[in-house]
Amino acid sequence: MIRIYGASDDLVEIEGSKYKEDEIVCFGRDVRIWFEDGTVIRVGYPKRDLAVWWVEIECVGSAEGKIKYCNDEDADIYSDIFEIDSEIVKHQILLPLHDPNNKEPAEDAEPEEGANIIPIEEKMPHKVSEVMCVRCVRRWIDVRSVGVQLKDLVCPGCGETGGVIETGEEIREEEWQNESH
Ligand SMILES: [Zn+2]
């Protein structure tokens, strides 16, 4: 059983694995880890309003990895803990997302020599669905990164956020690819 969790504020710990690393240094950045069974997880620090590491399963594989969630800053391991019976294939340290609320440049932002770093946007899985604004009743096909919440979408009709819901309408790929934004 492989265990993965965060420690300090810049380390991702790997236990029970033959992977080349047993610790990934990732100050201010998220880490994405791929497993042989197809699972992909992302690990980062901190949670919203909580000095605890989070783990998110981005892709579910055949080995059915599990997250033990932690919401206690004072726990010995103040981190969600991911467990899986599948070996690690590779990892990547992700560039920080541009956050307009965060004016402070990340310290220590220079990539390590030879570190495998890619922009998050490039590889983020996307979700496509028909959505509708309940304020102005406009419908459109929305393409967004997985993890972006409907409540944060801006309506192109009235410019408001918070009113966007999914219609559940089935869409074909060619429809949204031809959609102009
Ligand atoms: Zn609207």
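1. Notes on the sheet that holds strand β7 (residues 66–68)
The 5 strands are arranged β3-β2-β1-β8-β7 in an open sheet whose pairing can be described as antiparallel. Each having just a single partner strand, β3 (23–25) and β7 make up the two edges of the open sheet. If you compare each strand with its neighbour and ignore which way they point, the axes differ by 20° on average. Relative to strand β2 (residues 11–15), strand β1 (residues 2–7) runs antiparallel, the two sharing 5 bridges. Each residue of the ladder has a partner; that of I4, found in β2, is I14.

2. Side note on the confidence of the model for the chain
Confidence in the prediction of the chain, expressed as mean pLDDT, is 84, and 78% of residues score 70 or more. In this model, residues 100–105 is a region of pLDDT below 50 whose contacts with residues beyond four sequence positions or in other chains number 0 contacts.

3. Topic: the pairing of strand β11 (residues 126–133)
In terms of strand pairing, β11 meets strand β12 (residues 139–145) through 7 bridges, oriented antiparallel. In the strand pairing of β12, V131 is matched with W140. Counting the residues between successive antiparallel strands, the hairpin from β11 to β12 contains 5 residues, one of them, V137, with a positive phi of roughly 65°. Bridging between β11 and strand β13 (residues 164–166) involves 3 bridges; their strand directions are antiparallel. The residue bridging C133 from the neighbouring strand is V164, located in β13.

4. Overview of the sheet that holds β12
Strand order across the open sheet formed by 3 strands is β12-β11-β13, with antiparallel pairing between neighbours. Of all strands in the sheet, those with a lone pairing partner are β12 and β13, marking the two edges. Neighbour-to-neighbour, the strand axes of this sheet turn through a mean angle of 50°, independent of strand direction.

Rules behind the numbers
Residues numbered from 1 in each chain as written. Predicted model: local features only at pLDDT ≥ 70, side-chain atom pairs only at ≥ 80, totals over all residues. Pairing = 2+ DSSP bridges. Helix = DSSP H or I, 4+ residues; strand = E, 2+ residues; numbered from the N terminus. Axes fitted to C-alpha atoms, helices over the stretch in contact; angles between N-to-C directions. pLDDT = per-residue confidence, 0-100. Contact = placed C-beta atoms within 7 Å.

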